[in-house]
Amino acid sequence: MTARFGARLAEAVAARGSLCAGIDPHPGLIEAWGLPLDASGLERFALSAAEALGEVAAIVKPQSAFFEAFGPAGVAVLERVVDVAHDAGALVLLDVKRGDIGSTMAAYTAAYVAEKAAFTADAATVSPYLGFGALDAAVAAAREAGNGLFVLARTSNPEADALQRARLEDGRTVAQSVVDAAADHNAGAEPYGDVGVVVGATVAPGEVDLSRLNGPVLAPGFGAQGATEADLRAVFGEGLPGLLPASSRDLLRHGPDTAALRRAAQEVNGRLAGLRGKGQ
Ligand SMILES: O=C(O)c1cc(=O)[nH]c(=O)n1[C@@H]1O[C@H](COP(=O)(O)O)[C@@H](O)[C@H]1O
């Protein structure tokens, strides 16, 4: 039986470091790599990024929107990116940010994280803003298949502040209620559970209490959106198990030279090593 996602992730981070390498084929980056802005350029960009970053990062995160923008041909490239990154030895987090009523969510689950899912990713990003309970069946199906989910809690973009920092009747913020619901799913799992949360590296320190989460934390906003290692330290402290700082543009700008891409990811991983706890 395949090991649980949380266990596989912990093992991969121990071996390779905590960086989550984003594969976001922005049109400007495809052109900067000297490639045509069509499905063939997308394919060369994304497959070489998947191969190079997949060799050195514990987990890679292709952002589906940039593939969907090229239509069915782009989605076919995304499918190959997942396979190439797996073959290179990385786990794959598909960044699709899906969220819908429970019955529709079941179909997204079948696409991304259930047993025999159409895409063979290890985890996917999901939105809880139709109610965390609407994700319950997805959590169960992902777990059954040995896969994981990352639930948006406190995102890195400034437009999210008003909604995610709003207070519920019980005094908790909306973002904290998402973290707490994820924590309930992870209770008792070792080294940690399969339900991660997304908390931007750009948020104010102390806003979200992750002490009970017992799950992975995807921290985008590191790099191109301005957050630094000092911000990661201030927001998440040191030694938070499962912290995955995520960077896309700031890594990809080192291409198309694949050796330079690999070096950039390794260099970031080296700098992040101090944030990891002992034995992680
Ligand atoms: O879920 C995400 O990955 C995500 C959540 C969030 O709060 N903020 C955020 O930037 N992201 C994604 O993380 C990546 C950030 O890219 P860079 O700013 O280029 O590092 C993009 O793929 C975003 O869609």
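Residues numbered from 1 in each chain as written. Predicted model: local features only at pLDDT ≥ 70, side-chain atom pairs only at ≥ 80, totals over all residues. Heavy atoms only, no water.

The name an unreviewed UniProt entry assigns to the protein chain is Orotidine-5'-phosphate decarboxylase, from the organism Amycolatopsis echigonensis. Database annotation for the protein chain, UniProt heading Pathway (unreviewed entry): "Pyrimidine metabolism; UMP biosynthesis via de novo pathway; UMP from orotate: step 2/2." As its UniProt record puts it under Catalytic activity (unreviewed entry), the protein chain is described as follows: "orotidine 5'-phosphate + H(+) = UMP + CO2". (UniProt positions renumbered as here; feature names shortened; annotations may be inferred.)

Bringing the overall build of the protein chain into the picture now. From N to C terminus, the protein chain includes 12 helices and 8 strands. Against the 2.2 N^0.38 benchmark of 19 Å for 280 residues, the protein chain shows a C-alpha radius of gyration of 18 Å, consistent with a compact globule. As displayed, the protein chain has an accessible area near 11,500 Å², and 52% of this comes from carbon and sulfur atoms. For the protein chain, the distance from the average site of its 23 positive side-chain charges to the average site of its 33 negative ones is 4 Å. (Helix = DSSP H or I, 4+ residues; strand = E, 2+ residues; numbered from the N terminus. Rg over C-alpha atoms; globule rule 2.2 N^0.38 Å. Areas by Shrake-Rupley, 256 points an atom, 1.4 Å probe, with all protein chains shown as cover. Lys, Arg positive; Asp, Glu negative; His and termini not counted. Charge placed at Lys NZ, Arg CZ, Asp CG, Glu CD.)

This part takes up the site of the ligand. Near the ligand there are 17 residues, and of these Asp24, Lys61, Ser156, Gln225 and Arg249 occur at the shortest range. A distance of 3.0 Å separates an oxygen atom of the ligand from a polar side-chain atom of Asp95. Contacts to the ligand include Ser248, whose backbone N or O atom sits 2.9 Å from an oxygen atom. Considering the ligand on its own, with 510 Å² of exposed area, one finds that the protein chains cover 90% of that surface. Across the shell around the ligand, the residue classes tally to 5 nonpolar, 7 polar and 5 charged. (Near = heavy atom within 4 Å. Polar contact = N/O pair within 3.5 Å; in protein donor to acceptor, adjacent residues only side chain to side chain. Nonpolar A, V, L, I, M, F, W, Y, C, P; charged D, E, K, R; others polar.)

Looking now at the pattern of salt bridges. In this structure the tally under the stated criterion is 18 salt bridges. Measuring nitrogen to oxygen at the nearest pair gives 3.2 Å for the salt bridge that ties Arg262 to Glu55. Within this pair, whereas Arg262 is found in helix α12 (residues 258-272), its partner Glu55 is found in helix α3 (residues 39-56), the two being separated by 207 residues in sequence. The class for Glu55 is partly exposed, based on a relative accessible area of 36%. Put simply, Lys97 and Asp95 hold a salt bridge, and the shortest N to O gap is 2.9 Å. (Salt bridge = Lys/Arg side-chain N within 4 Å of Asp/Glu carboxyl O. Buried < 20%, exposed > 50% of the residue type's maximum accessible area, 1.4 Å probe, protein only.)

Further remarks concern the nonpolar core. In terms of nonpolar packing, the biggest core is built from 73 residues, with Leu53, Val60, Val197, Leu210, Val217 and Phe236 touching the most fellow members. No other element matches α3, which puts 9 residues into this core. Beyond its immediate chain neighbours, meaning those up to four positions away, Phe236 contacts Val199, Gly200, Ala201, Leu210, Val217, Ala219 and Leu243. By size, the runner-up hydrophobic cluster in this structure holds 18 residues, among which are Leu9, Leu93, Tyr192 and Val198. (Core = buried A, V, L, I, M, F, W, Y, C linked by side-chain atoms within 4.5 Å. Contact = heavy atoms within 4.5 Å.)

Before going further, it helps to examine helix α1 (residues 5-16). Taking 1.5 Å as the rise per residue, α1 with 12 residues should run 16 Å; its terminal C-alpha atoms sit 16 Å apart, in good agreement. For α1, the full list of buried residues reads Phe5, Gly6, Arg8, Leu9, Ala10, Ala12 and Val13. The secondary structure elements touched by the buried residues of α1 are β2 (59-62), β3 (91-98), β4 (123-126), β5 (148-154) and β8 (243-247). (Expected span 1.5 Å × (residues − 1).)

Ring pairs (aromatic) are described by centroid distance and by the angle formed between their planes. With the rule as written, the count across this model stands at 3 aromatic pairs. Ring geometry for Trp33 and Phe45: centres 4.0 Å apart, planes at 35 degrees, overall tilted. Of this pair, Trp33 sits in the loop between α2 (27-32) and α3 while Phe45 sits in helix α3; the two residues are 12 residues apart in sequence, bridging distant segments of the chain. Take Trp33: its relative accessible area is 7%, and that puts it in the buried class. Seen from their ring centres, Tyr112 and Phe119 are 5.5 Å apart, and the 25 degrees between their planes marks the pair as stacked. (Phe/Tyr/Trp six-rings, centres within 6.5 Å; stacked < 30°, edge-to-face > 60°.)

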